[in-house]
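# Reading the structure
Below are the chains, spelled out letter by letter.
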Amino acid sequence: MALEQIFKNVKKASKTLALMTDERCNEILNLVADAIENETVALLKANTQDLSRMDPKDPMYDRLQLTEARLEEIADNMRQVSQLPSPLGHVLKHRVLPNGLDLKRVSVPFGVIGVVYEARPNVTFDVFALCLKSGNASILKCGKDAIDSCQAGVDLIRKVLEQANITPDIVALLPATHEATGEMLQAVGYIDLCIPRGSKRLIDFVRDTAKVPVIETGAGVVHCFFDKEGDATIARDIVFNAKTRRCSVCNTLDCLIIHSKRLADLPEICSTLASREVIIHADERAFNALKGHYPDQLLVPVANDDEWHTEWLSLQMGLKTVDSLEEALDHIDTYGSGHSESIVTENQDNAQKFQTMVDAACVYVNTPTSFTDGAQFGLGAEIGISTQKLGARGPMALEEMTTYKWLIEGHGQIRA
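### Here we look at the overall build of the protein chain
Counting secondary structure elements, the protein chain contains 14 helices and 16 strands. For the protein chain, whose C-alpha radius of gyration is 24 Å, the value lies close to the compact-globule estimate of 22 Å for 416 residues. In terms of its C-alpha atoms, the protein chain occupies a principal-axis envelope of roughly 75 × 60 × 35 Å. The burial tally for the protein chain puts 53% of its 416 residues in the buried class. Within the protein chain, residue pairs in contact and separated by at least 24 positions form 72% of the contacts whose partners lie at least 6 positions apart. For the protein chain, the accessible surface area stands at approximately 18900 Å², while carbon and sulfur atoms represent 49% of it. Each charge sign in the protein chain was given a centre, from 42 positive and 58 negative side chains, and these centres are 6 Å apart.

Here it is, written out as structure tokens:
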């Protein structure tokens, strides 16, 4: 089918969602969640085909991989979304003018949301759930690395929709080609909003190419600053969790910043990282502090300042020494991506200054950045982490999938 015809079909189908009740929507989400669990074998088989084409050492391998546990989590997230209040029909503002006109600003769907993503088959289900619950149709464009997994997911969803007598065109998966991405980004009149999820390269391409509106879900160059008044035991646990819990996701720690007065604590802070063979790229002072206390083959000097820009997406991280909180803030301002940042400190003034001065969507004190996640925030599944400031920022869930319109009621009033 020609891509324009797919766009037309989804746009037309999106209109049917306006009359779908929240109860009916929740029923569909639970049916899809059940189907995910019932079709686990088929979904894993499709995922195995994708995995067979990727090197297990590739940082994207972990993002691409589905397991029974991950599919169960996807199904649970979908059920959680079904239990959340509908974001639609909320009266955001209400006033009555002196002439009697009644004005209401009410939350409504965007219409059709397009999502471009890479080797992340879970995104298929997350996007569908959030879009359906918020009254939006969805057009999906995954990378070629995940095409079998995503196609199996969309086929499952469309089958459930057909069985429930709902048009399956409220969700569509485009071919995994560059041409399809290009046409999607030019689909003015069909796609109301496009959201890229993936590498900085993908996000930059979408932003620079699209004629349809875009919300950026930026790559994460994430830091944790160990302040001179930080607790080393807390820092050890936070750094280990933020770096190793799932190293290929965007909220993973990329660079530990340490105050020079606490360099003696580095062996303790980094002690557990060696068990996961984390490679540390350290500046000179930090390198000397760790030398002899961390495996030689896992400790390397920083090559150059450009390395501080790296989103590692693997079991590697930077290690930067600073002489003050202000210097740490300057480093984050220079090399951060506005995603998530953390400080470990027992000084409340320093914690407050860090949260005030750091320009990021999520700023943490004494806890890891691994919590930057829609489900962890109690939002259900997420459609991405927005790093921009206009509109949505941070984990984007149901409320961020709506816009608004004004409803005005009168009784014969005319404007002079």
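Now that the structure is up, let's keep going.
### Re the environment of Cys25
Counting through the fold element by element, Cys25 comes out in helix α2 (residues 22-38). Owing to a relative accessible area of 3%, Cys25 belongs among the buried residues under this scheme. Linking Cys25 and Lys133, residues 108 residues apart in sequence, is a C-alpha distance of 6.2 Å. Residues contacting Cys25, with those up to four places away along its chain left out, are Met20, Leu132 and Lys133.

### A few points about the pattern of salt bridges
Per the stated rule, a full pass over the model turns up 21 salt bridges. As a salt-bridge pair, Arg236 and Asp237 come within 3.2 Å of each other at their nearest N and O atoms. On the basis of relative accessible area, Arg236 is assigned to the partly exposed category, the value being 23%. One salt bridge in this structure joins Arg262 and Asp265, with 2.7 Å as the shortest N-O distance. By relative accessible area, which is 15% here, Arg262 ends up buried. Asp265 gets classed as buried once you look at its relative accessible area, which sits at 19%. What emerges from the salt-bridge pattern is a single network uniting Asp34, Glu37, Asp76 and Arg79.

### Structural notes on the environment of Asn122
Its place among the elements puts Asn122 in helix α6 (residues 122-133). In this structure Asn122 comes out as partly exposed when scored by relative accessible area, which is 24%. With 57 residues separating them in the primary sequence, Asn122 and Gln65 have C-alpha atoms 9.3 Å apart.

### Comments concerning the nonpolar core
Counting residues in each nonpolar core, the largest one holds 81 residues, and the members touching the most others are Ile36 and Phe128. A per-element tally of this core places α6 first, with eight residues. Excluding residues that lie within four positions of it along the chain, Phe128 makes contacts with Ile28, Leu29, Val32, Met78, Ser138, Ile157, Leu161, Ile170 and Val171. Ranked by size, the runner-up nonpolar core spans 28 residues in total, among them Cys270, Leu290, Tyr294 and Met317.

### Concerning the packing of aromatic side chains
Applying the stated criterion across every chain, the model contains one aromatic pair. Pairing Phe7 with Tyr190 gives two aromatic rings, centres 6.2 Å apart and planes at 35 degrees, and the pair type is tilted. With Phe7 in helix α1 (residues 3-14) and Tyr190 in the loop between α8 (178-185) and β6 (193-197), the pair connects residues that are 183 residues apart, well separated along the chain. Of the residues examined, Phe7 reaches a relative accessible area of 3% and is grouped as buried.

### Side note on α1
For α1, built from twelve residues, the straight-helix expectation of 16 Å at 1.5 Å per residue is met to within 8% by its first-to-last C-alpha distance of 17 Å. For α1, the complete set of buried residues consists of Leu3, Ile6, Phe7, Val10, Lys11, Ala13 and Ser14. Within α1, the buried residues cover an arc of 165 degrees as seen down the axis, which keeps them to one side. Where α1 is buried, its residues meet β3 (112-117), β4 (137-141), β5 (171-173) and α8.

### Comments concerning the packing of α6 against helix α7 (residues 147-163)
Running from N to C, α6 and α7 point in directions that differ by 35 degrees, and their axes come no closer than 8 Å. Mapping the contact onto sequence places Thr124, Phe125 and Phe128 in α6 and Cys150, Gly153, Val154, Leu156, Ile157 and Leu161 in α7. Here the contact of α6 with α7 is composed, by residue class, of seven nonpolar, two polar and no charged.

### Section: the side chain of Thr40
Tracing the sequence through the fold places Thr40 in helix α3 (residues 40-51). Overall, the relative accessible area of 15% leaves Thr40 in the buried class. Within the structure, the side chain of Thr40 is placed 3.0 Å from the backbone oxygen of Glu37, a separation counted as a polar contact. Excluding anything up to four places from it in sequence, Thr40 contacts Glu68 and Leu71.

Reading the values: the criteria
- Residues numbered from 1 in each chain as written.
- Predicted model: local features only at pLDDT ≥ 70, side-chain atom pairs only at ≥ 80, totals over all residues.
- Heavy atoms only, no water.
- Helix = DSSP H or I, 4+ residues; strand = E, 2+ residues; numbered from the N terminus.
- Rg over C-alpha atoms; globule rule 2.2 N^0.38 Å.
- Buried < 20%, exposed > 50% of the residue type's maximum accessible area, 1.4 Å probe, protein only.
- Contact = heavy atoms within 4.5 Å.
- Areas by Shrake-Rupley, 256 points an atom, 1.4 Å probe, with all protein chains shown as cover.
- Lys, Arg positive; Asp, Glu negative; His and termini not counted.
- Charge placed at Lys NZ, Arg CZ, Asp CG, Glu CD.
- Salt bridge = Lys/Arg side-chain N within 4 Å of Asp/Glu carboxyl O.
- Core = buried A, V, L, I, M, F, W, Y, C linked by side-chain atoms within 4.5 Å.
- Phe/Tyr/Trp six-rings, centres within 6.5 Å; stacked < 30°, edge-to-face > 60°.
- Expected span 1.5 Å × (residues − 1).
- Arc of directions from axis to C-beta.
- Axes fitted to C-alpha atoms, helices over the stretch in contact; angles between N-to-C directions.
- Nonpolar A, V, L, I, M, F, W, Y, C, P; charged D, E, K, R; others polar.
- Polar contact = N/O pair within 3.5 Å; in protein donor to acceptor, adjacent residues only side chain to side chain.

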